Amino acid sequence: DLQEGAALQHPTPGGHTVFAYVHRGGLQLGDRVLPEHSLILFGDGDHVLLKGGPGGTGFLLVSGKPLKEPMAWGGPIVMNSEEELRQAFDDYRKGTFIK
């Protein structure tokens, strides 16, 4: 959470994927305000600078090293291959998806 006008400069390791999700209020980024329920993906750099927008803000800041693995996506399930995705849906239908 940031109060209106409060700033946060947070270091980010080079090569990491960094994004912020605004769940309450607005997040000030330069001259623009990201409204509630917005997500922003930041470019590569060594830090992000965030500022509480009008009325303050609640947000989630996420940073992580990309896995660079293949991805197969189907609805709410993400796996590494189409074969794994088919198996996951089969397990889900059988009630054995969560083991």
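These remarks concern the structure in this document. It should be emphasised that the depicted structure is a prediction, and the values quoted were computed from it without experimental measurement. Numbers given for residues are sequential positions, taken from 1 along each chain in its written order. Under the rules for a predicted model, residues below a pLDDT of 70 receive no local features and side-chain atom pairs below 80 are neither given nor counted, while totals for whole chains, interfaces and linings still include all residues. Side-chain measures were taken over the full set of non-hydrogen atoms in the model, leaving aside hydrogen atoms and water.

## What about the overall build of the protein chain?
And then number 1: Elements are defined by DSSP. Helices are runs of H or I of four residues or more, strands are runs of E of two residues or more, and each kind is numbered from the N terminus. Counting its secondary structure elements, the protein chain contains 1 helix and 7 strands.
And then number 2: When the helices and strands of the protein chain are listed from N to C terminus, the series reads β-β-β-β-β-β-β-α.
And then number 3: Dimensions along the principal axes, computed over C-alpha positions, put the protein chain at roughly 50 × 30 × 20 Å.
And then number 4: The buried label applies to any residue whose accessible area, calculated with a 1.4 Å probe on protein chains only, is under 20% of its type's maximum; exposed applies above 50%, and partly exposed to all values in between. Residues counted as buried form 27% of the 99 residues belonging to the protein chain.
And then number 5: Within the protein chain, contacts between residues at least 6 apart in sequence are counted, and of these 56% link residues at least 24 apart.
And then number 6: Accessible surface is estimated by sampling points in the Shrake-Rupley manner with a 1.4 Å probe; for residues, cover comes only from the protein chains shown. Total accessible area on the protein chain is roughly 7,000 Å²; 56% of this is exposed by carbon and sulfur atoms.
And then number 7: Between the averaged position of the 9 positive side-chain charges in the protein chain and that of its 12 negative side-chain charges there is a distance of 3 Å. In this description, contact between two residues means that some pair of their heavy atoms is separated by no more than 4.5 Å. Positive charge is attributed to Lys and Arg, negative charge to Asp and Glu, and no charge count is given to His or to the chain ends. Charge positions come from single atoms, namely NZ of Lys, CZ of Arg, CG of Asp or CD of Glu.

## Quick notes on the pairing of strand β2 (residues 17-29)
And then number 1: Any two strands with at least two DSSP bridges between them are considered paired. With 10 bridges joining them, β2 and strand β5 (residues 47-64) adopt antiparallel strand pairing. Pairing of Q28 across the sheet is with K51, part of β5.
And then number 2: In terms of strand pairing, β2 meets strand β4 (residues 39-42) through 4 bridges, oriented antiparallel. Residue pairing for β4: V18 is matched across the bridge by F42.
And then number 3: Between β2 and strand β3 (residues 32-34), which pair antiparallel and follow one another directly, the connecting turn spans 2 residues, one of which, G30, has a positive phi of 65°.

## What to know about the pairing of β5
And then number 1: Sheet analysis places strand β1 (residues 7-11) next to β5, joined by 5 bridges and oriented antiparallel. Bridge assignment links P11 to a residue of β5, and that residue is H47.

## A word on the side chain of T57
And then number 1: Relative to the helices and strands, T57 is located in strand β5.
And then number 2: From its side chain, T57 meets the backbone oxygen of G26 in a polar contact 3.4 Å long.
And then number 3: In this view, T57 contacts D1, L2, V22, R24, G25, G26, L27 and G52; residues no more than four positions away in its chain are not counted. Under the rule applied, a polar contact is a pair of N or O atoms within 3.5 Å (in protein, one hydrogen donor and one hydrogen acceptor; residues adjacent in sequence only if both atoms are side-chain atoms).

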